[in-house]
Amino acid sequence: MQKTNWLALFFMVLTLQSCEFNCSVGKNEDSKETIASQEENSQILNDIELKTNEIDVSRAFLSFKDGTLVPANNRIDFTRPVVLQLTIEDGWKEEGGKSFLGVAEKITAEDGSVLLDEKDLFGGIRFEDGISASDAKVVSITANITLPPGTPPTSFTVSFRVWDKKGDGYIEGSYKLYSK
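None of these values were measured; they are calculated from a predicted model. (Residues numbered from 1 in each chain as written. Predicted model: local features only at pLDDT ≥ 70, side-chain atom pairs only at ≥ 80, totals over all residues. Heavy atoms only, no water.)

**Considerations on the overall build of the chain**
(1) Moving on: Scanning the chain from terminus to terminus reveals one helix and 14 strands.
(2) Moving on: Counting every position in the chain, which comprises 180 residues, the buried fraction comes to 41%.
(3) Moving on: Surface accessibility of the chain: about 10200 Å² in total, with carbon and sulfur atoms responsible for 51%. (Helix = DSSP H or I, 4+ residues; strand = E, 2+ residues; numbered from the N terminus. Buried < 20%, exposed > 50% of the residue type's maximum accessible area, 1.4 Å probe, protein only. Areas by Shrake-Rupley, 256 points an atom, 1.4 Å probe, with all protein chains shown as cover.)

**Considering the nonpolar core**
(1) Moving on: Of all hydrophobic cores here, the largest spans 37 residues; its most connected members are Leu 86, Ile 171 and Tyr 175.
(2) Moving on: For this core, the elements supplying multiple residues, two or more each, are strand S5 (56-64), strand S7 (82-90), strand S9 (101-109), strand S12 (138-146), strand S13 (155-164) and strand S14 (170-179).
(3) Moving on: In contact with Ile 171, not counting residues within four places along its chain, are Leu 50, Lys 51, Thr 52, Ile 55, Val 57, Leu 86, Ile 88, Trp 92, Phe 160, Arg 161 and Val 162. (Core = buried A, V, L, I, M, F, W, Y, C linked by side-chain atoms within 4.5 Å. Contact = heavy atoms within 4.5 Å.)

**Topic: the packing of aromatic side chains**
We describe a pair of aromatic rings using the distance from one ring centre to the other and the angle between the two ring planes.
(1) Moving on: Using the criterion set out here, one finds two aromatic pairs in the structure.
(2) Moving on: Summarising the aromatic geometry, the rings of Phe 78 and Phe 156 are spaced 5.4 Å apart at their centres and angled 70 degrees between planes, so their arrangement reads as edge-to-face. In this pair, Phe 78 sits in the loop between strand S6 (75-76) and S7 while Phe 156 sits in strand S13, placing the two residues 78 residues apart along the sequence. In this pair, the class of Phe 78 matches that of Phe 156, namely buried.
(3) Moving on: When the ring of Phe 160 is compared with that of Tyr 175, the centres are 6.4 Å apart and the planes differ by 40 degrees; the resulting orientation is tilted. One end of the pair, Phe 160, is in strand S13; the other, Tyr 175, is in strand S14, and 15 residues separate them in sequence. A single burial state applies to Phe 160 and to Tyr 175, both of which are buried.
(4) Moving on: The lysine or arginine in question, Arg 161, covers the ring of Tyr 170, its NZ or CZ lying 4.6 Å from the ring centre. (Phe/Tyr/Trp six-rings, centres within 6.5 Å; stacked < 30°, edge-to-face > 60°. Lys NZ or Arg CZ within 6 Å of the ring centre and 35° of its normal.)

**Remarks on a negative patch on the surface**
(1) Moving on: On the surface, a cluster of negative charge is contributed by Asp 56, Glu 89, Asp 90 and Glu 94.
(2) Moving on: Structurally, Asp 56 can be placed in strand S5.
(3) Moving on: Here Asp 56 falls in the partly exposed class, since its relative accessible area comes to 44%. (Patch = residues over 30% accessible without salt bridge, like charges linked within 9 Å, V, L, I, M, F, W, Y side chains within 5 Å. Salt bridge = Lys/Arg side-chain N within 4 Å of Asp/Glu carboxyl O. Lys, Arg positive; Asp, Glu negative; His and termini not counted. Charge placed at Lys NZ, Arg CZ, Asp CG, Glu CD.)

**Observations regarding the pattern of salt bridges**
(1) Moving on: Considering all chains together, one arrives at five salt bridges under this definition.
(2) Moving on: Across the pair Asp 120 and Lys 165 runs a salt bridge, and its minimum N-O distance is 2.8 Å. Placement of Asp 120 in the loop between strand S10 (114-118) and strand S11 (131-132) and of Lys 165 in the loop between S13 and S14 is noted, with a sequence separation of 45 residues between them.
(3) Moving on: One connected set of salt bridges, linked through shared partners, spans Lys 51, Arg 161 and Glu 172.

**Structural notes on the confidence of the model for the chain**
(1) Moving on: Mean pLDDT for the chain: 81, with 74% of residues reaching 70 or above.
(2) Moving on: Overall, residues 1-41 carries pLDDT values under 50, and its contacts beyond four positions in sequence, including any with other chains, amount to 76 contacts. (pLDDT = per-residue confidence, 0-100.)

**Overview of the pairing of S12**
Note on strand geometry: in a regular strand, side chains alternate between the two faces of the sheet.
(1) Moving on: Most of S12 sits inside the fold, with eight of its nine residues counted as buried.
(2) Moving on: In the sheet, S7 pairs with S12 via six bridges, with the strands oriented antiparallel. Bridge pairing links Val 82 to Ala 143 in S12. (Pairing = 2+ DSSP bridges.)

**Describing the side chain of Ser 63**
(1) Moving on: Looking at where Ser 63 falls in the secondary structure, it is placed in strand S5.
(2) Moving on: Among the polar contacts listed, one links the side chain of Ser 63 to the side chain of Gln 85, at a separation of 3.5 Å.
(3) Moving on: Filtering out sequence-adjacent residues up to four positions away, Ser 63 remains in contact with Thr 68, Leu 69, Val 70, Pro 81, Val 82, Val 83 and Gln 85. (Polar contact = N/O pair within 3.5 Å; in protein donor to acceptor, adjacent residues only side chain to side chain.)

**So, the environment of Thr 146**
(1) Moving on: Within the element layout of this structure, Thr 146 appears in strand S12.
(2) Moving on: Residue Thr 146 is classed as partly exposed on the basis of its relative accessible area of 36%.
(3) Moving on: Sequence separation between Thr 146 and Pro 81 is 65 residues, and the spatial gap between their C-alpha atoms is 8.6 Å.

Spelled out as structure tokens, the structure:
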């Protein structure tokens, strides 16, 4: 009986919320650790919290896949994927004009349940040859959270980490999304 209850709860959670992820690199357009904020020279929008090591991030913001900006308060209707856009000025190690990056993403619901926890989105992709250093200057990480109609207001925390597989550089942070 207890096993049946857990199965029912699991499937109920799956039907209430579903997530997808996507990550892209490139055009969509001694250790130094810094925490970026909206008050600094870099353009960090949408209350994105950033912590970096050896990496200079000039812009971080949220948009929808069509390029429309997510409102500053991060209140959305969860009908479209949200894309974190990171523009990197400098910091990735280069070997032969190539960079070697890893990307992780975790999505946590308001109640603490983990909807998605990808340790390395590039882990299953052949990246031994790296990507061009110019493409590594723009990183986009997509979160697609779907809520069924009538879901009460809720929020999600999206945590991310982008790291240099050949050096000590990384970017990590998080942002919250709120339902309308």
